[in-house]
Amino acid sequence: MTALVSAATLGLVGPGGPTPADPARRGPQELRELAERAGRELEGAPALEIARWAAETFGDRFCVTSSMADAVLAHLVSRVAPGVDVIFLDTGLHFPETLRVRDEVARRLPVNVRSIRPRLTVGQQDGEYGPRLFNRSPDDCCQLRKVEPLERALSGYDAWAAGLRRDESPTRANTPVVTFDARRGRVKVNPIAAWKQADVDAYIARHDIPVNELFKRGYGSIGCWPCTRRTKAGEDPRAGRWAMFEKTECGLHL
């Protein structure tokens, strides 16, 4: 698709303006139909146009999620939706370098960074479930420190954008640019799904995007420090995540 695509072009918003009159009234079935149609129509569209469609269609009921490995997605969306909410899940177990990217994004970009914390501190979790839950049951730890906080954070939105890319791992190879997240009853937008690492690198260089310093130290993918190791030459970028377990995702993108 080479032509610019907007929400109005797709017939997904009314002719009176880019933002629906009352987006809060959209139900799950309407959101599903909207996502399925947009997923077909926007496949192959430039990332910026996918982001523009989401911003025009959902207005302030659209947000961005970011792990703060870099600020590519936050920057991209801010170009079409200045002031957009950027959700960061502050697990209490992040590397200091990750928190520095978050703070730099909040300082430099025209976005509203929202740091969402789990209901329990790490110490409280240790007291209730035993110490180092991430070593014994990483799925439970992710549920407590990532999945539940995300679902709570998304309560005021109809759609959210994530920085998933098809080239990151086999489990993400079929990532659609727009889909319906049935688990959460919301539209999920993946504007850079079709990008390669070279596209990311070029965007970072062109726009001077904040990037996590850990990439320069051999990390291919960055999560919480207890469950992230450096990757070896030739390994999948996500091979350093939960390396001692049969686990490839934290549960946010299932």
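Residues numbered from 1 in each chain as written. Predicted model: local features only at pLDDT ≥ 70, side-chain atom pairs only at ≥ 80, totals over all residues. Heavy atoms only, no water.

### Observations concerning the overall build of the chain
Along its length, the chain carries eight helices and six strands. Starting at the N terminus and walking to the C terminus, you meet the elements of the chain as α-α-β-α-β-α-β-α-α-α-β-β-β-α. Of all 254 residues assigned to the chain, the portion counted as buried reaches 50%. For the chain, the share of sequence-separated contacts (at least 6 apart) that also reach a separation of at least 24 residues comes to 70%. In the form shown here, the chain has an accessible surface area of approximately 12000 Å², with 50% of it arising from carbon and sulfur atoms. (Helix = DSSP H or I, 4+ residues; strand = E, 2+ residues; numbered from the N terminus. Buried < 20%, exposed > 50% of the residue type's maximum accessible area, 1.4 Å probe, protein only. Contact = heavy atoms within 4.5 Å. Areas by Shrake-Rupley, 256 points an atom, 1.4 Å probe, with all protein chains shown as cover.)

### Some points on the sheet that holds strand β1 (residues 62–65)
Reading across the sheet, the six strands line up as β3-β2-β1-β4-β6-β5 and stay open at both edges, with mixed pairing between neighbours. Because the sheet does not close on itself, it has two edges, and the strands there are β3 (112–116) and β5 (178–181). Direction aside, neighbouring strands of the sheet carry axes that sit 30° apart on average. One ladder, built from four bridges, connects β5 with strand β6 (residues 186–189); its direction is antiparallel. Note that in β6 the partner of V178 across the bridge is V189. This element, helix α1 (residues 28–42), spans β5 and β6 of the sheet and lies at about 155° to β5. Contacts from helix α2 (residues 47–58) reach β1, β4 (159–161), β5 and β6, with the element oriented near 155° to β6. (Pairing = 2+ DSSP bridges. Axes fitted to C-alpha atoms, helices over the stretch in contact; angles between N-to-C directions.)

### Considerations on the packing of aromatic side chains
For the structure on display, the rule yields four aromatic pairs. A centroid spacing of 5.7 Å and a plane angle of 85° characterise the contact between W53 and F58, whose relative ring orientation is edge-to-face. Relative to Y203, the ring of W195 has its centre 5.6 Å away and its plane inclined at 45°; by these criteria the two rings are tilted. Residue classification places W195 among the buried residues on the basis of a relative accessible area of 17%. (Phe/Tyr/Trp six-rings, centres within 6.5 Å; stacked < 30°, edge-to-face > 60°.)

### Structural notes on the nonpolar core
Counting 46 residues, the largest nonpolar core has W53, F58, F62, V178, V187 and V189 as the members making the most contacts within it. Those residues within four positions of V189 in sequence are excluded, and the remaining contacts are I50, W53, A54, F62, W160, A161, A162, V177 and V178. Ranked by size, the runner-up nonpolar core spans 11 residues in total, among them I116, L154, Y157 and W160. (Core = buried A, V, L, I, M, F, W, Y, C linked by side-chain atoms within 4.5 Å.)

### A short note on the confidence of the model for the chain
The predicted model of the chain has a mean per-residue pLDDT of 85, with 81% of residues at 70 or higher. Confidence drops under a pLDDT of 50 for residues 1–23, and excluding neighbours within four residues, the segment shows 41 contacts in the predicted structure. (pLDDT = per-residue confidence, 0-100.)

### What to know about the side chain of D181
Here D181 is to be found in strand β5. Among all residues touching D181, those that are not within four sequence positions of it are W160, R186 and K188.

### Details of the packing of helix α5 (residues 122–129) against helix α7 (residues 138–153)
The geometry of α5 relative to α7 is characterised by a closest axis approach of 12 Å and an angle of 140° between their N-to-C directions. Considering the angle they form, α5 stands oblique to α7. Considering the relative orientation of α5 and α7, their crossing is right-handed. Residues V122, Q125 and Y129 of α5 touch α7, and the partners they reach there are C141, L144 and R145. (Parallel < 35°, antiparallel > 145°, perpendicular 65-115°, else oblique. Left-handed = near helix turned anticlockwise from the far one by under 90°.)

### A few points about the pattern of salt bridges
Opposite charge on two side chains permits them to pair, given that their charged atoms come into close proximity. Here the structure, examined in full by the defined rule, presents 19 salt bridges. The residue R166 makes a salt bridge to E43 at a minimum N-O spacing of 2.9 Å. With a gap of 123 residues between them, R166 in the loop between β4 and β5 and E43 in the loop between α1 and α2 connect regions that are remote in the sequence. Residue R166 is classed as partly exposed on the basis of its relative accessible area of 23%. The class for E43 is partly exposed, based on a relative accessible area of 36%. R108 is the partner of E104 in a salt bridge, and the nearest nitrogen-oxygen pair spans 2.7 Å. Here R108 and E104 lie together in helix α4 (residues 96–108), a separation of four residues that amounts to about one turn. Among the residues examined, R108 registers a relative accessible area of 39% and is labelled partly exposed. (Salt bridge = Lys/Arg side-chain N within 4 Å of Asp/Glu carboxyl O.)

### Brief notes about the pairing of β3
Regular strands place their side chains on alternate faces of the sheet. Pairing analysis gives five bridges linking strand β2 (residues 85–89) to β3, with the strands arranged parallel. Bridged to V86 within β3 is V113. What joins β2 to β3 is α4, and the crossover it makes is right-handed. (Right-handed = clockwise from strand over helix to strand, strands pointing away.)

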